[in-house]
2 protein chains.
Amino acid sequence: MIEPASLPKAKDKLLFTPGPLTTSLSVKQAMLHDAGSWHFEFNTLVAGVRERLLSLAGLTREAGWEAVLLQGSGTFGVEAVFQTCVPPTGKVAVLANGAYGERMVQMLRYAKIAHTAVRAAEDTPHDPEDLDELLGKDQEVTHVAVVHCETTTGILNPIEALGRITQTHRRIYVVDAMSSFGAIPIDFARCGVDFLISSANKCVEGVPGFSFVLCRRALLMKCEGYARSLSLDLLGQFKTFEKTGQFRYTPPTHALLAFEQALSEFELEGGVAGRGDRYHHNHQALLAGMGELGFQPYLDAAVQSYIITAFHTPADPRFSFDAFYRKLSDRGYIIYPGKLTEVDTFRIGTIGRLFPADIEQLVQAIRAVLSEMGCAVPVAMR
Amino acid sequence: MIEPASLPKAKDKLLFTPGPLTTSLSVKQAMLHDAGSWHFEFNTLVAGVRERLLSLAGLTREAGWEAVLLQGSGTFGVEAVFQTCVPPTGKVAVLANGAYGERMVQMLRYAKIAHTAVRAAEDTPHDPEDLDELLGKDQEVTHVAVVHCETTTGILNPIEALGRITQTHRRIYVVDAMSSFGAIPIDFARCGVDFLISSANKCVEGVPGFSFVLCRRALLMKCEGYARSLSLDLLGQFKTFEKTGQFRYTPPTHALLAFEQALSEFELEGGVAGRGDRYHHNHQALLAGMGELGFQPYLDAAVQSYIITAFHTPADPRFSFDAFYRKLSDRGYIIYPGKLTEVDTFRIGTIGRLFPADIEQLVQAIRAVLSEMGCAVPVAMR
């Protein structure tokens, strides 16, 4: 018999990752067309996508909000906000408790933008009182930046409480909501968000190719002349959308066609509430199933999101993550490695076109793989 | 009868543009899958794409060449080369004769990189003797940058002769070959190319989502610490490919799947020679057909590429470009507006999954639209 892993399969492997995700077939089928990036029909589609993103977030242009799309991954979107919107005299306080917070620090270092990194432990949300103290002491800080759901662990930071402090101190508030936007409700007014970044291939369940920034128009318009990069000039991008209806430079046309379809399916599912509900059920199914197998989540339930969950690696010496990963892949399930430096973990995402039944099948596959590896179930933990 | 334009059509409109292009159905069908961006199967695909890009260009890693892919449009790739590879003390001489040369100047201004713009008229290729004189006089210039095929007009710059001069003066040579790479032969050794940029949605006939840079590894490795942007750090991107086989940040996975298929179809067509031959025939069919209708190309034949052709707008007062464009669109043909500031032109691209028969049908449609508009054929020119 030919090695099963090398024979083409009837269906794609399911992605239990923080994105790119498993998407619906209909989202992918929307890409079976070539659109002219200068053409009025495509411009209409882009305008619709921008409107619907605002509406998804409960925002309107009339109330002063804009959605600006930018080519590249989510990281490009976050960096574009910093490169465009922090004045030469600005200083950013980054609240970091994971790899994505650290990435913000790295961006600011590259761009030679003044910043201060406030670090919390990777299993601990940022404390609004600490921020209050920092902003009281450091009058140079003009911007506060935080990651909503740190996919390093799946932890949620309290963006509403942190935002209230930021507002009280009259600083600009930048939220990286890459993996939460669309699935965890975000009240822009209560959070006092000024700039929020997410991307096409997260909870809206589109394909990768662009990020988007939801922001207050008046704040963006004040950033004239700050941008340190042409490609990452968010204001230039916005002004071109306004003037011509087009992307400034070649857009990922197929990713936009897919995203339009993804938005329709998002609305069909009941918007943020419906999508979040499914992910919540996925997460519950995962915790229940993994719990039966003896796995322990890394985070306390109180700070854990339903987006992605980090689990401790079992203590059993017969367990090897590489073999575990490969064997699950052979069975059609792709999970995600850990990203923590000090603790051995692996991660399982519960977003994308996945349902509780898929999670249950994954758990069954994990049980079978553990047995193949000779690990006792429930697994021994440290 | 319902207005035909609003009824869904049996096939997509054909794109006679400089890209995004009309691609084959099989290239688009390759996107009907979701790939894990961290997964070893996807890494193998990315490694294969990088190898095949080098091979397409007649280069090898053994001889010191690398292919680095970067998320975003072609502009992101060009800017990444400048932002990463020009040292703080560097100075770039940009040879501009169109919008894309001017865009390079704009990028350098944003990044506060010293530069000098050498401008030629938009219908005139850059003169190697002028470059020789400039480099003799200005010892501060460290890099020379030029656009191979300026799609503003379709003009070809003599990258081999300009490269010889650049080599003689021992400066670094950056070539934007966005719309020529893959269809016009480029001899890297004879041209003395150090960095060449192109993108997925041009002559390889993939879909938009990433650009790529072909460069000398040793030169790239010398750029440690220069990058002014994290997202556009080409060296960081390269080092991550080498270390992990992965993109640093989320790649446009579907665009990569499409590109792998596009490379196979490119090889099947006979590589650069085969692809170039088809485009050449497309261009010949276009010139013949448009000539019969009385249209005059903007450029002299000697400097005109077979990539895209600018035509003068007819003098007939009944001719309106907007109506012409819309009526052609209604018939399923999307052409491209002009980009020249001083002369009224429009453009027709002859790249993408188009054949001479498609060009002939476009010409027939143009004839019919002229008649609808009441313009006499052959059209009156200024």
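Residues numbered from 1 in each chain as written. Chains lettered and ligands numbered in written order. Predicted model: local features only at pLDDT ≥ 70, side-chain atom pairs only at ≥ 80, totals over all residues. Heavy atoms only, no water.

**Observations concerning the relation of the copies chain A and chain B**
Convention followed: Residues reaching a pLDDT of at least 70 in both copies supply the C-alpha atoms on which the copies are superposed by least squares. Throughout, a contact is declared for two residues whenever any of their heavy atoms are within 4.5 Å.
With an RMSD of 0.0 Å, the fit of chain A onto chain B corresponds to turning through 180 degrees and sliding 0.0 Å along the axis. Both copies are brought into coincidence by an operation consistent with a two-fold rotation axis. Using C-alpha coordinates, one finds that chain A approaches the rotation axis most closely at G72 of chain A, a distance of 2.2 Å. When the interface residues of chain A are mapped onto chain B, 100% of them are again interface residues, pointing to one common binding face.

**Considering the pattern of salt bridges**
Going by this rule: Whenever Lys or Arg places a side-chain nitrogen within 4 Å of a carboxyl oxygen from Asp or Glu, that contact is recorded as a salt bridge. Strands are runs of DSSP state E lasting at least two residues, helices are runs of H or I lasting at least four, and both sets are numbered from the N terminus onward. Under the scheme applied here, a residue whose accessible area is under 20% of the maximum for its type counts as buried, over 50% as exposed, and between as partly exposed, the area being computed with a 1.4 Å probe on protein chains only.
The final tally for this structure, using the stated rule, is 52 salt bridges over all chains. Between R216 of chain A and D194 of chain A there is a salt bridge, with its nearest N and O atoms 2.7 Å apart. With a gap of 22 residues between them, R216 of chain A in strand β10 (residues 210-216) and D194 of chain A in the loop between α7 (188-191) and β9 (195-199) connect regions that are remote in the sequence. The salt bridge involving E372 of chain B is made with K327 of chain B; its shortest N-O contact spans 2.9 Å. Placement of E372 of chain B in helix α13 (residues 356-373) and of K327 of chain B in helix α12 (residues 321-330) is noted, with a sequence separation of 45 residues between them. The exposure class of K327 of chain B is partly exposed, given its relative accessible area of 27%. Within the structure, one salt-bridge network assembled from shared partners comprises E205, E265, E269, R275, R278 and R353 of chain A.

**Regarding the environment of D344 of chain A**
All names here are of chain A. Checked against the element boundaries, D344 lands in the loop between β13 (336-337) and β14 (345-349). Residues D344 and T313 lie 31 residues apart in sequence; the distance between their C-alpha atoms is 5.6 Å. When neighbours within four sequence positions are excluded, D344 is seen to be in contact with F311, H312 and T313.

**Overview of the sheet that holds β10 of chain A**
Residues and elements named next belong to chain A. Keep this limit in mind: A pair of strands is treated as paired once DSSP finds two or more bridges between them. Axis angles are defined between N-to-C directions and span 0 to 180 degrees, where every axis is a line fitted to C-alpha atoms and, for a helix, only to the segment in contact.
In spatial order, the strands read β2-β10-β9-β8-β5-β3-β4; together these seven strands make up an open sheet with mixed pairing. Edge positions in the open sheet fall to β2 (65-71) and β4 (114-119), since each of these has one partner strand only. Strand after strand, the sheet turns through a mean of 20 degrees between neighbouring axes, direction not considered. Sitting on the sheet, helix α2 (residues 40-56) is in contact with β2 and β10, with an inclination near 125 degrees to β2.

**A short note on a negative patch on the surface**
All names here are of chain A. Stated precisely, the cut-off is as follows: Patches were defined on residues exceeding 30% relative accessible area and lacking a salt bridge, with like-charge contacts within 9 Å and nonpolar side-chain contacts (Val, Leu, Ile, Met, Phe, Trp, Tyr) within 5 Å. To measure how exposed things are, a 1.4 Å probe is used in the Shrake-Rupley method; for residues, cover is taken only from the protein chains shown. By the counting scheme adopted, Arg and Lys are positive, Glu and Asp are negative, and His together with the chain ends is not counted. By convention, charge coordinates are those of NZ in Lys, CZ in Arg, CG in Asp, or CD in Glu.
Together, D127, E129, D130 and D132 line one region of the surface with negative charge. Along the chain, D130 turns up in helix α5 (residues 128-137). Classification of D130 by relative accessible area gives partly exposed; the value is 45%.

**What to know about the interface of chain A and chain B**
Filter applied, for reference: Computed with a 1.4 Å rolling probe, the buried area is the accessible surface lost when two parts are put together, summed over both parts. N or O atoms within 3.5 Å of each other form a polar contact, as long as, within protein, one can give a hydrogen and the other can take it, and as long as residues adjacent in sequence are counted only when both atoms are side-chain atoms.
Each partner contributes to the interface: chain A provides 59 residues, whereas chain B provides 59 residues. Across the chain A to chain B interface the summed buried area is about 5000 Å²; carbon plus sulfur atoms make up 62%. For the chain A face of the interface with chain B, the top three residues by lost area are D34, Y110 and L230 of chain A, together amounting to 14%. Taken together, the connections running from chain A to chain B amount to four salt bridges. For E41 of chain A, the salt bridge is made with K13 of chain B, and the minimal N-O distance between the two is 2.8 Å. The tally of links from chain A across to chain B stands at 24 residue pairs in polar contact (both at pLDDT 80 or more). For the side of chain A that touches chain B, the secondary structure elements donating two or more residues are α1 (25-29), α2, β2, α3 (74-85), α4 (99-110), α10 (253-268), α12 (321-330) and β13 of chain A.

**Some words on unusual backbone geometry**
Looking along the chain, the bond that leaves G19 of chain A and enters P20 of chain A is cis, with omega of 0 degrees. By secondary structure assignment, the location of P20 of chain A is in the loop between β1 (14-15) and α1. V377 of chain B connects to P378 of chain B through a cis peptide bond whose omega is -5 degrees. Tracing the sequence through the fold places P378 of chain B in the segment after α13. One non-glycine residue with positive phi stands out, namely K112 of chain A, at about 55 degrees. Judged by relative accessible area, K112 of chain A falls into the exposed class, the value being 75%. A positive phi angle, close to 55 degrees, is found at R170 of chain A, a residue other than glycine. With respect to the helices, strands and loops of the structure, R170 of chain A is situated in the loop between α6 (159-168) and β8 (172-176).

**Regarding the packing of helix α2 (residues 40-56) of chain B against helix α10 (residues 253-268) of chain B**
Residue and element names in this part refer to chain B. We apply this condition: In these notes the angle categories are as follows: under 35 degrees is roughly parallel, over 145 is roughly antiparallel, 65 to 115 is roughly perpendicular, and the rest is oblique. Left-handed describes a crossing whose near helix is turned anticlockwise from the far helix through less than a right angle; right-handed describes the clockwise counterpart. Each residue gets one of three labels, nonpolar for Ala, Val, Leu, Ile, Met, Phe, Trp, Tyr, Cys and Pro, charged for Asp, Glu, Lys and Arg, and polar for the others, Gly among them.
Following both chains from N to C, one finds α2 and α10 inclined at 40 degrees, their axes separated by 10 Å at the closest point. Accordingly, the angle class assigned to the pair α2 and α10 is oblique. Viewed along their axes, α2 and α10 form a crossing whose handedness is left-handed. The residues of α10 that touch α2, namely those facing F42, L45, V46, V49, R52, L53 and L56, are T253, L256, L257, F259, E260, L263, S264, F266 and E267. For the contact of α2 with α10, a count of residues per class yields 11 nonpolar, two polar and three charged.

**Quick word on the packing of helix α11 (residues 271-292) of chain B against α13 of chain B**
Residues and elements named next belong to chain B. In the contact formed by α11 and α13, the axes pass within 8 Å of each other and the chain directions differ by 20 degrees. The angle between α11 and α13 falls in the class roughly parallel. Considering how the two elements wind past one another, α11 and α13 form a crossing that is right-handed. Contacts between α11 and α13 involve H281, N282, A285, L286, G289, M290 and E292 on the former and, on the latter, P356, I359, L362, V363, I366 and R367.

**Topic: the packing of aromatic side chains**
Residues and elements named next belong to chain A. Put simply, the rule reads: Side-chain rings of Phe, Tyr and Trp, where Trp is taken by its six-membered ring, are said to pair if the distance between their centres is within 6.5 Å; with planes under 30 degrees apart they count as stacked, over 60 as edge-to-face, and otherwise as tilted.
This model, assessed by the stated rule, comprises 37 aromatic pairs over all chains. An angle of 80 degrees between the planes, with centres 5.2 Å apart, marks the rings of F210 and F259 as edge-to-face. Here F210 is found in strand β10, whereas its partner F259 is found in helix α10, with 49 residues between them in sequence. Between the aromatic rings of F295 and F311, the centroid separation amounts to 6.5 Å while the plane-to-plane angle is 70 degrees, which identifies the pairing as edge-to-face.

**Side note on the nonpolar core**
Inside soluble globular proteins, nonpolar side chains tend to come together where they are buried. We apply this condition: The set of buried Ala, Val, Leu, Ile, Met, Phe, Trp, Tyr and Cys residues whose side-chain atoms join them within 4.5 Å is what this entry labels a nonpolar core.
Counting residues in hydrophobic clusters, the biggest one holds 175 residues, and the most contacted among them are F82, F181 and L214 of chain A together with F82 and L214 of chain B. If we ignore the near neighbours within four places in the chain, the residues touching L214 of chain A are L53, L54, A57, L59, W65, E66, A67, F181, F188, D194, F195 and L196 of chain A.

**Quick notes on the pairing of strand β2 (residues 65-71) of chain B**
Residues and elements named next belong to chain B. Taken across its seven residues, β2 has seven buried, putting it largely inside the fold. Residues W65, A67, L69 and Q71 line one face of β2 and the alternating positions E66, V68 and L70 line the opposite face, and both faces are buried. In the sheet, β2 pairs with strand β10 (residues 210-216) via seven bridges, with the strands oriented antiparallel. The residue of β10 that forms the bridge with W65 is R216.

**Section: the confidence of the model for chain A**
The test is simple: pLDDT measures the predictor's confidence residue by residue and takes values from 0 up to 100.
Predicted confidence across chain A gives a mean pLDDT of 96, with 98% of residues reaching 70 or more. Model confidence for the complex: the whole-complex pTM is 0.97, and ipTM, which rates the interface, is 0.97.

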